[in-house]
Number of protein chains: 2
Amino acid sequence: MIRKGDWTKPTTGLAPGYTQANLVILPKKYAYDFLLFCMRNPKTCPLIEVTDVGSSIPHKTAPDGDLKTDLPKYRIYRNGEFAEEVTDITSYWQDDFVSFLIGCSFTFEKPLLENGIPIRYIEEGRNVSMYKTNIACESAGIFEGPVVVSMRPMKPAEAIRATQITSRFPSVHGAPIHIGDPSLIGIDAIDSPDFGDAVTIHEDEVPVFWGCGVTPQAAVMASKPELVITHAPGHMFITDVKDEEHAVI
Amino acid sequence: MIRKGDWTKPTTGLAPGYTQANLVILPKKYAYDFLLFCMRNPKTCPLIEVTDVGSSIPHKTAPDGDLKTDLPKYRIYRNGEFAEEVTDITSYWQDDFVSFLIGCSFTFEKPLLENGIPIRYIEEGRNVSMYKTNIACESAGIFEGPVVVSMRPMKPAEAIRATQITSRFPSVHGAPIHIGDPSLIGIDAIDSPDFGDAVTIHEDEVPVFWGCGVTPQAAVMASKPELVITHAPGHMFITDVKDEEHAVI
């Protein structure tokens, strides 16, 4: 449906149980630095697959897929500036493109919900709250930037259970990187996220913070590469891999 | 001691509890393909750290260390052929070198022993048994080759416990890749390992196979790069990181 152009909306809730991934496409000359950046920052930039140079086929996670056509919406950035949004990148494809598929927190939210842990932004029909922290990523070549986190409020006992659950999934952000006082990681205004929407935090809840896939995108944009193509927010690539296959235990 | 040349023997048993790592040094022109090869084969090629181009300092795992001097013995290979063994590579260093530190099974053997699981090759004073399998690594650029495994015999109940224990350590090979009948992964002669020594397998034991750090070295040699420097077998780099820090749960 997506390939034929019959689905151009966000992928939330599509093909439940199958892993959805963030996409970053860069010319080869930037690929070594970006691969190293992801390797050095696995909690924020968990790589699911990296394609061969010039190939748009993700052989490991979706051998019948094509990254030129199989996302509902793409964003094209030139010199770090947003240029346009398109539903097919066939006419933009270059022989030197390398595609990076990066894990997404959708994968661990399903087991959180199955364990009875509420996910406030879903309950409230908003986007997840995301914040820049004062923690620096390990830099790699031209890429550097702050760790960006997503936040989900929950009761302390739920935060403990959520830590257990997400520890099983190191390839999709893994365990939280912080629980509690936001100021300890440089977040001064929990009500004003840097990306996404604010959500309600009840009296008896603590904010729980996970590494966020916005981190690599922000690092890429800050380095102003000539050309980079990404998924449009929420318009992810759906792989053939089941979420549970990412669990290490 | 190692830096001063006062210790040129294997590192087995030194600095117990601290992670030891395999070393592969390659000129930058090979580094993208090798980094991608490791990323695509995490169970056999678990990366602990990759240095910046030209730097011999492992900033993350041993900021006061120097990979030019801090291994007791190195091997230099030219065009895929062994050239010489040295105790210091300062005079061989090139500005285009990238160093890869790769996880080693020493890290998970300690918790196996602490759980009362015998490690036969240690009991018998031999080297671990290693075999080429009929499983192909995912290739990356010029690098390809078979998955090489290490084998430890144990009782079935111990194999189950060993699976639990090593699953905690995905960054140092993780869970076994096979238990039982060696022929199912292309090993015809369990008594004749391709590398290391044969060990006794008792009647009530099964062979348990883990991804082995020989895999990336074999793939590198097969591609015959002009120059590659590795640790000499058993003469590892000792990091400042505690083994337990690699556990994800």
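This is a predicted model, so every value here is computed, not measured.

About the criteria used
- Residue indices follow the written sequence of each chain, beginning from 1 at its first position.
- To read the labels, note that chains go from A and ligands from 1, taken in the order they are written.
- Per-residue local features are limited, in this predicted model, to residues with pLDDT of at least 70; the limit for side-chain atom pairs, both in listing and counting, is 80 or more; totals at the level of whole chains, interfaces and linings are taken over all residues.
- Computation of side-chain values covers all heavy atoms of the structure but excludes hydrogens and water.
- The copies were overlaid with a least-squares fit restricted to C-alpha atoms from residues scoring a pLDDT of at least 70 in each copy.
- At least two DSSP bridges between two strands are required for those strands to pair.
- In this text, helices come from DSSP runs of H or I with a minimum length of four residues, and strands from runs of E with a minimum of two, each type numbered from the N-terminal end.
- The contact rule is simple, with two residues in contact once any of their heavy atoms fall within 4.5 Å.
- Angles here are taken between N-to-C directions and fall from 0 to 180 degrees, while the axes themselves are lines fitted to C-alpha atoms, restricted in helices to the stretch in contact.
- Start and end points for every domain follow an automatic or database-based domain assignment.
- As used in this structure description, the phrase polar contact means that two N or O atoms lie within 3.5 Å; if the pair is within protein, one of them must be able to donate a hydrogen and the other to accept it, and residues adjacent in sequence are counted only when both atoms belong to side chains.
- Each aromatic pair joins two rings of Phe, Tyr and Trp (for Trp, the six-membered one) with centres within 6.5 Å, and gets the label stacked for planes under 30 degrees apart, edge-to-face for over 60, and tilted for any other angle.
- Buried, partly exposed and exposed residues are distinguished by accessible area as a fraction of the type maximum, computed with a 1.4 Å probe on protein chains only: under 20%, between the cut-offs, and over 50%, respectively.
- Only when the NZ of Lys or the CZ of Arg is both within 6 Å of the ring centre and within 35 degrees of the ring normal is a charge said to sit over the ring.
- Roughly parallel means an angle under 35 degrees; roughly antiparallel, over 145; roughly perpendicular, 65 to 115; everything else is oblique.
- Here a crossing is called left-handed whenever its near helix is offset anticlockwise from the far helix by less than a right angle, and right-handed whenever the offset is clockwise.
- Throughout, the ten residues Ala, Val, Leu, Ile, Met, Phe, Trp, Tyr, Cys and Pro are labelled nonpolar, Asp, Glu, Lys and Arg are labelled charged, and all others, Gly among them, are labelled polar.
- Buried area: the sum, over both parts, of the accessible surface (1.4 Å probe) that disappears when the two are put together.

### Structural notes on the relation of the copies chain A and chain B
Mapping chain A onto chain B calls for a screw motion: a turn of 180 degrees about the axis and a shift of 0.0 Å along it, with 0.0 Å RMSD after fitting. Put plainly, the chains are arranged around a two-fold axis. Within chain A, Y32(A) has its C-alpha nearest the rotation axis, a separation of 2.7 Å.

### Overview of the sheet that holds strand β7 (residues 146-154) of chain A
Residue and element names in this part refer to chain A. Reading across the sheet, the 4 strands line up as β6-β7-β9-β8 and stay open at both edges, with antiparallel pairing between neighbours. The open sheet is flanked by β6 (129-136) and β8 (178-179), the only strands paired with a single partner. Here β6 pairs with β7 via 5 bridges, running antiparallel. Looking across to β7, one finds that Y131 is bridged to V149. In this fold helix α4 (residues 156-167) packs onto β7, β8 and β9 (206-211), with an angle of close to 15 degrees to the strand it touches most, β9.

### Brief notes about the domain arrangement of chain A
All names here are of chain A. For chain A, the assigned domains are domain 1 (18-104 + 222-243) and domain 2 (106-215). The C-alpha centroid of domain 2 is placed 23 Å from the C-alpha centroid of domain 1. At the junction of the two partners, domain 1 supplies 20 residues and domain 2 supplies 25 residues. Counting across the domain 1 and domain 2 interface gives 9 residue pairs in polar contact (both at pLDDT 80 or more). At the level of elements, β1 (18-27) and α1 (28-40) are the ones that each hand at least two residues to the side of domain 1 that touches domain 2.

### Regarding the packing of aromatic side chains
In the structure shown here, the tally under the stated rule is 14 aromatic pairs over all chains. With a centroid separation of 4.8 Å and an interplanar angle of 85 degrees, the aromatic rings of F34(A) and F100(A) are classed as edge-to-face. Highlighted residues: F34(A) in helix α1 and F100(A) in strand β5 (residues 97-102), separated in sequence by 66 residues. Residue F100(A) is classed as buried on the basis of its relative accessible area, which comes to 0%. Consider the rings of W93(B) and F97(B), whose centres lie 5.1 Å apart with planes at 85 degrees: the pair is edge-to-face. Stacked on the ring of F82(B), the Lys or Arg R75(B) has its end atom at 5.3 Å from the ring centre.

### What about the environment of I119(B)?
Residues and elements named next belong to chain B. Within the element layout of this structure, I119 appears in the loop between α2 (106-114) and α3 (120-123). For I119, a relative accessible area of 2% puts it in the buried group. Expressed as a C-alpha distance, the spacing of I119 and F82, which sit 37 residues apart in the sequence, is 31 Å. Sequence-distant contacts of I119, that is, excluding residues within four places in its chain, are made with E109, L112, L113 and R152.

### Considering the packing of helix α2 (residues 106-114) of chain A against α4(A)
Residue and element names in this part refer to chain A. Their axes nearest at 10 Å, the elements α2 and α4 cross at an angle of 135 degrees. It follows that α2 is oblique to α4 by the angle criterion. Helix-helix and strand crossings are classified by hand; for α2 and α4 the assignment is right-handed. Residues F108, P111 and L112 of α2 lie in contact with α4, whose contacting residues are A162, I165 and T166. Of the residues assigned to the contact of α2 with α4, the class counts are 5 nonpolar, 1 polar and no charged.

### Re the sheet that holds strand β8 (residues 178-179) of chain B
Residue and element names in this part refer to chain B. Taking strand neighbours across the sheet as the criterion, the 4 strands line up as β6-β7-β9-β8 in an open arrangement whose pairing is antiparallel. In this open sheet, the two strands that pair with only one neighbour each are β6 (129-136) and β8. Across 6 bridges, the pairing between strand β7 (residues 146-154) and strand β9 (residues 206-211) is antiparallel. Its bridge partner lying in β9, M151 is registered against F209.

### Section: the interface of chain A and chain B
On the side of chain B, 21 residues touch chain A, which itself brings 21 residues to the contact. Here chain A packs against chain B, burying approximately 1,800 Å² in sum over the two surfaces, 64% of which is carbon and sulfur. When the area that chain A buries against chain B is broken down by residue, the three leading residues are Y32(A), L35(A) and M39(A), summing to 33%. Where chain A meets chain B, there are 5 residue pairs in polar contact (both at pLDDT 80 or more). At the level of elements, α1, β2 (47-50) and α4 of chain A are the ones that each hand at least two residues to the side of chain A that touches chain B. Considering each element in turn, the side of chain A that touches chain B owes the most residues, 7 residues, to α1(A). Residue composition of the side of chain A that touches chain B, grouped by class: 12 nonpolar, 3 polar and 6 charged.

### As for the environment of K155(A)
All names here are of chain A. Of note, K155 is situated in the loop between β7 and α4. For K155, a relative accessible area of 39% corresponds to the partly exposed category. Sequence separation between K155 and V98 is 57 residues; the distance between their C-alpha atoms is 42 Å. Here K155 is in contact with D204 and E205, once residues within four sequence places are set aside.

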